[in-house]
Amino acid sequence: MNSPIGIFDSGIGGLTVARAIHKQLPYLPIIYFGDTAHLPYGDKSSESIQNYAQRISSFLLKKRCRIIVIACNTASAVAYEKVKRHIGMKAIVFNVIDPVVDYVACNFKRGRVGVIGTKGTIQSRIYVRKIAKVNSAIRVSSLATPLLAPMIEEGYFNNYISRTIIHSYLSKKTLSGTRALILGCTHYPLIKKEVEKFYGKGVDIIDSADIVAAHIKDKIGNLYSFSKRKQPERHFFVSDYTEAFEKSAAIFFGKNIKLKKVNLWR
Ligand code: DGL
């Protein structure tokens, strides 16, 4: 197999997953789709997100992707089953939630684990339900943090405004007494340092990017046989051009990335 891996999110968040996949599987060609026209996904209805996710998956299939990663917690929470049914046997579909649930089950036996994410992810109660299924001794406290993804998308992190917003969310009573905090949105690795600073030592901050990449490598790594000398192709598509996306893509993958705008909803 030598087809590219297709990765999508509402915007730059999925780039954290794409970068981790690239680190673990450096010879794998990547097609990335940032659905910037519909950002943020966090406050859209499930029906809309399912519709976006199916269209994007069809686009990635047309680009010959045989592996599709829903690099967005919100879409993983509400559209994973729909996308899998839509794609059928044509590609393997991964979400970003199941590998994190497995990680929590392996690393924590009991106690309270917090999760922060978009309204869509938190209202779906997906982490609460999935973690209870694998270990009911772990209690999950969830908090919707809807300002964070748009803040990060706009490039607001490591500054006074981001610190104030992060502090105000993380001081909420719901999250007190947690042993670990799941960053349940793929945008949040970009504020991981600020979250770690808030807690200091003693609370594990679980960032899904590396966990998801390791899971994918484990499942598909041996299906591929790439020439190790050739630089793999990487293509970045967006549904609407934004400067923020271009800047972030360059931070993650270097300046000479090819950013193309496509309209899948015409
Ligand atoms: N990065 C996404 C997630 O993991 C979505 C953020 C948004 O568009 O609201 O949920």
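Preceding this section is the structure that the text describes.
Residues take numbers from 1 onward in each chain, read along the sequence in its written order. Thresholds applied to this predicted model are a pLDDT of at least 70 for local features of residues and 80 or more for the giving and counting of side-chain atom pairs; totals over whole chains, interfaces and linings are not thresholded and use all residues. Note: side-chain values were computed over all heavy atoms of the structure, leaving out hydrogens and water.

Any details on the pairing of strand β8 (residues 204-207)? Residues and values, ideally.
Criterion used throughout: strands pair if DSSP finds at least two bridges between them. Helix and strand labels come from DSSP, where a helix needs a run of H or I of at least four residues and a strand needs a run of E of at least two; each type is numbered from the N terminus. In terms of strand pairing, strand β7 (residues 180-183) meets β8 through 4 bridges, oriented parallel. Note that in β8 the partner of Leu 183 across the bridge is Asp 207. Each parallel crossover has a hand, and the one from β7 via helix α9 (residues 192-199) to β8 is right-handed. A crossover gets the label right-handed when its path from the first strand over the helix to the second runs clockwise, viewed with the strands pointing away from the viewer.

So what about the pattern of salt bridges? Which residues, and what values?
Any Lys or Arg side-chain nitrogen located within 4 Å of an Asp or Glu carboxyl oxygen qualifies as a salt bridge. Inspection of every chain in the model, using the stated rule, returns 6 salt bridges. Note that Lys 84 and Glu 81 form a salt bridge whose closest N and O atoms lie 4.0 Å from each other. Pair noted here: Lys 84 and Glu 81 are both in helix α3 (residues 73-87), with a separation of 3 residues, about one helical turn.

Could you give an account of unusual backbone geometry, with specific residues and numbers?
Across the junction of Leu 39 and Pro 40, the peptide omega takes the value -5°, indicating a cis bond. The backbone of Arg 64 sits at a positive phi, close to 75°, despite the residue not being glycine. Among the secondary structure elements, Arg 64 is positioned in the loop between α2 (46-62) and β3 (67-70).

Report on the sheet that holds strand β6 (residues 138-144), specifying residues and quantitative values.
Strands sit in the order β6-β5-β7-β8 across an open sheet of 4 strands; the sheet is parallel. Whereas interior strands pair on both sides, the edge strands pair on one side only; in this sheet they are β6 and β8. Here the average twist between neighbouring strands, direction ignored, is 25°. Against the sheet, helix α10 (residues 208-220) makes contact with β7 and β8, and its axis sits at roughly 50° relative to β8, the strand it touches most. With axes taken as lines fitted to C-alpha atoms, and helix axes fitted only over the stretch in contact, angles between N-to-C directions fall between 0 and 180 degrees. In what follows, a contact means two residues having at least one pair of non-hydrogen atoms within 4.5 Å.

Describe the nonpolar core, naming the residues involved and giving the relevant values.
Buried Ala, Val, Leu, Ile, Met, Phe, Trp, Tyr and Cys residues that are joined via side-chain atoms within 4.5 Å together make up what is termed a nonpolar core. Residue exposure (1.4 Å probe, protein chains only): buried if accessible area is under 20% of the type maximum, exposed if over 50%, otherwise partly exposed. Core analysis: the biggest nonpolar cluster contains 49 residues, and Ile 21, Val 69 and Leu 181 have the highest contact counts within it. Filtering out sequence-adjacent residues up to four positions away, Val 69 remains in contact with Ile 5, Gly 6, Ile 7, Phe 8, Val 17, Ile 21, Phe 94 and Ile 216. Ranked by size, the runner-up nonpolar core spans 45 residues in total, among them Ile 31, Tyr 41, Leu 61 and Ala 180.

Break down the environment of Lys 258 for me, with residues and values.
Positionally, Lys 258 belongs in strand β10 (residues 258-261). Each C-alpha atom, one on Lys 258 and one on His 235, is 5.9 Å from the other, the two residues being 23 residues apart in sequence. Among residues more than four places away in sequence, those in contact with Lys 258 are His 235 and Phe 236.

So what's going on with the packing of helix α1 (residues 13-24) against α10? Which residues, and what values?
Running from amino to carboxyl end, α1 crosses α10 at an angle of 45°, the nearest separation of the two axes being 8 Å. With respect to each other, α1 and α10 are oriented oblique. The two elements α1 and α10 cross, and the hand of that crossing is right-handed. Where α1 abuts α10, its residues Thr 16, Val 17, Ala 20, Ile 21 and Gln 24 lie against Ala 209, Asp 210, Val 212, Ala 213, Ala 214, Ile 216 and Lys 217. Note on angle classes: values under 35 degrees are labelled roughly parallel, values over 145 roughly antiparallel, values of 65 to 115 roughly perpendicular, and the remainder oblique. In this scheme the crossing of two helices becomes right-handed for a clockwise turn of the near helix relative to the far one and left-handed for an anticlockwise turn of less than a right angle.

How would you sum up the site of the ligand? Please name residues and give values.
In the vicinity of the ligand, 13 residues are found, and the nearest of them are Ser 10, Tyr 41, Asn 73, Thr 74 and His 187. Here Ser 10 contributes a side-chain N or O atom positioned 2.6 Å from an oxygen atom of the ligand. Within the backbone of Asn 73, one N or O atom sits 2.7 Å away from an oxygen atom of the ligand. Here the shell around the ligand is composed, by residue class, of 5 nonpolar, 7 polar and 1 charged. Nearness is judged by heavy atoms alone; a residue qualifies as near a molecule or strand once a single heavy atom is within 4 Å of it. Here a polar contact means two N or O atoms within 3.5 Å. Within protein one must be a hydrogen donor candidate and the other an acceptor candidate, and residues neighboring in sequence count only if both atoms are side-chain atoms. Under the scheme applied here, ten amino acids are nonpolar (Ala, Val, Leu, Ile, Met, Phe, Trp, Tyr, Cys and Pro), four are charged (Asp, Glu, Lys and Arg), and all others, including Gly, are polar.

Account for the packing of aromatic side chains, naming residues and giving values.
Centre distance within 6.5 Å is the pairing criterion for rings of Phe, Tyr and Trp, where only the six-membered ring of Trp is used; planes under 30 degrees apart are then read as stacked, over 60 as edge-to-face, and the remainder as tilted. Using the criterion set out here, one finds 8 aromatic pairs in the structure. Relative to Tyr 199, the ring of Phe 198 lies with its centre 4.9 Å away and its plane at 90°, an arrangement referred to as edge-to-face. Each member of the aromatic cluster is reached from another via a ring pair, and the members are Tyr 32, Phe 236, Phe 245 and Phe 253.

All we've got here are geometric facts, nothing functional implied.
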